[in-house]
Amino acid sequence: MVDRLLQHCHDIGAPTLTNIRRTSDSVLFDFDGNLEQLLPLRMFSTLSVVLDESEHAWIDGFADALAELEQSTKSGAIGALSGPPAYRVDRIEGREPFMETISTKLGWENDPKAWDVNIAEHGPFLLADVGAMHRSRRYAKLRRIPASVNPLVGSLLVQLAKPEADDTVYDPFCGSGTLLTEVAAIGRGAGLLGTDISPTALEVARLNLSAVDTPHLLAQARAETLPLPEHSVDRIISNMPFGKRVGSHHANSRLYPRFLAELTRVLNPKGRAVLLTEDKRLFQQAVQETSGIRVIKEVQVTSGGLHPTAYTIEHTQKSRRTDHHRKRLSEG
Ligand SMILES: C[S@@+](CC[C@H](N)C(=O)[O-])C[C@H]1O[C@@H](n2cnc3c(N)ncnc32)[C@H](O)[C@@H]1O
């Protein structure tokens, strides 16, 4: 995901973003502009101002860090917040005098519970996280269920599926609807469909999608028997029960083959599906045993201590040709 974020930063590029470089889990850049220009970069959770790049910011009494805070307040990301921000400082060496200086010199209020700016170490960096740019506050409030997918992973799945503006997009294990809201948020999909076995999850999905303009339909259904006609959807995007926190490997060994047979039936022959699972061997075996579909891409993701894989699936050439012939015969 960091690679993708890096690529998206390069796409924006100069003069807005310069000096773009990556670390193991972040992308750094010099930025000159309105923060709204960063909103299309959906694959970051937190935006932070780098206050110091050494591990010993406290040695000079945080002088460099303080200068960066002042600079950012005058003409940078912190200045985009309304009014003097409330702040908190993590448990870092020399914290007390640093806080004293921030409060007296900058006039900021220390509020560890409702902060706008959070000062914390991250690897070798001392950072000021800008709360208003956190994923949970950049977009509409996203309600969650215990099995909800991390929204950044959700963005990745949606990007892999490449939905077009006029596509019908379907999530057959929609849970709280995270993936469908992401499709709507990037302006894709003419219609959104979500089904799930759980009425509680569907209630949450209804709330999340109530703020979405794209026409959408949510219904209770089992993924083994999808309530949709043949070839009726252009994109299927889903994170399936992994068999760990949701379901079991045993349940998946029945569910996956049946669901994949249904996917083959309802997916438009030119369509594409992206499915995330941790139950990989079972999934791959089930795809091999399902006639008419194949995996064209695999992307491994690291999230919440798990390493699931996103599989991109399409109809096989043979299946597309057979369908084409069938269509011509029926037209003839
Ligand atoms: C990993 S969660 C999906 C989370 C969702 N993407 C979100 O962000 O909230 C898997 C979902 O599959 C649903 N589920 C489990 N077995 C199912 C089945 N046989 N048919 C349909 N849905 C099922 C669960 O109720 C759960 O909501």
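Residues numbered from 1 in each chain as written. Predicted model: local features only at pLDDT ≥ 70, side-chain atom pairs only at ≥ 80, totals over all residues.

Trainee: Please explain the sheet that holds strand S4 (residues 86-89) as it appears in this structure.
Mentor: Two strands in a sheet stick together by hydrogen bonds in their backbones, pointing the same way (parallel) or opposite ways (antiparallel). Strands sit in the order S3-S7-S6-S4-S5 across an open sheet of 5 strands; the sheet is mixed. Edge strands, defined here as strands with exactly one partner in the open sheet, are strand S3 (48-52) and strand S5 (109-110). Contacts between helix H2 (residues 63-75) and the sheet are confined to S3 and strand S7 (125-130), with S3 contributing the most and set at about 145° to the helix. Set on the sheet, helix H3 (residues 95-106) makes contact with S4 and S5; between it and S4 the angle comes to about 165°. (Pairing = 2+ DSSP bridges. Helix = DSSP H or I, 4+ residues; strand = E, 2+ residues; numbered from the N terminus. Contact = placed C-beta atoms within 7 Å. Axes fitted to C-alpha atoms, helices over the stretch in contact; angles between N-to-C directions.)

Trainee: Explain the packing of helix H5 (residues 151-161) against helix H6 (residues 178-185) to me, please; I cannot follow it from the model alone.
Mentor: Helix-helix packing is described using two parameters, namely the angle between the two axes and the distance between the axes. Where H5 contacts H6, the two axes come as close as 9 Å, and the packing angle between them is 60°. For H5 against H6, the interelement crossing comes out right-handed. Residues Pro-151, Gly-154, Ser-155, Leu-157 and Val-158 of H5 pack against Thr-178, Leu-179, Glu-182 and Val-183 of H6. For the contact of H5 with H6, the class distribution of residues is 5 nonpolar, 3 polar and 1 charged. (Left-handed = near helix turned anticlockwise from the far one by under 90°. Nonpolar A, V, L, I, M, F, W, Y, C, P; charged D, E, K, R; others polar.)

Trainee: Help me understand the domain arrangement of the protein, please; the structure alone is not making it clear to me.
Mentor: In many reports, interface size means the accessible area that the parts give up when they come together. Each assigned domain of the protein is listed here: domain 1 (2-137) and domain 2 (151-331). Relative placement of domain 1 and domain 2: their C-alpha centres are 37 Å apart. Across the contact, 5 residues belong to domain 1 and 4 residues belong to domain 2. Considered class by class, the residues forming the side of domain 1 that touches domain 2 number 1 nonpolar, 1 polar and 3 charged. (Domains from an automatic or database assignment.)

Trainee: What exactly am I supposed to notice about the pairing of S7 here?
Mentor: The side chains of a regular strand alternate between both faces of the sheet. Counting buried positions along S7 yields 5 of 6 residues, so the element is predominantly enclosed. Pairing between S3 and S7: 4 bridges, direction antiparallel. Looking across to S7, one finds that Val-49 is bridged to Ala-128. Following strand S6 (residues 117-122), the chain reverses through 2 residues before pairing antiparallel with S7; Gly-123 in that reversal takes a positive phi of roughly 55°. (Buried ≥ 20, exposed ≤ 12 C-beta atoms within 10 Å, placed from the backbone.)

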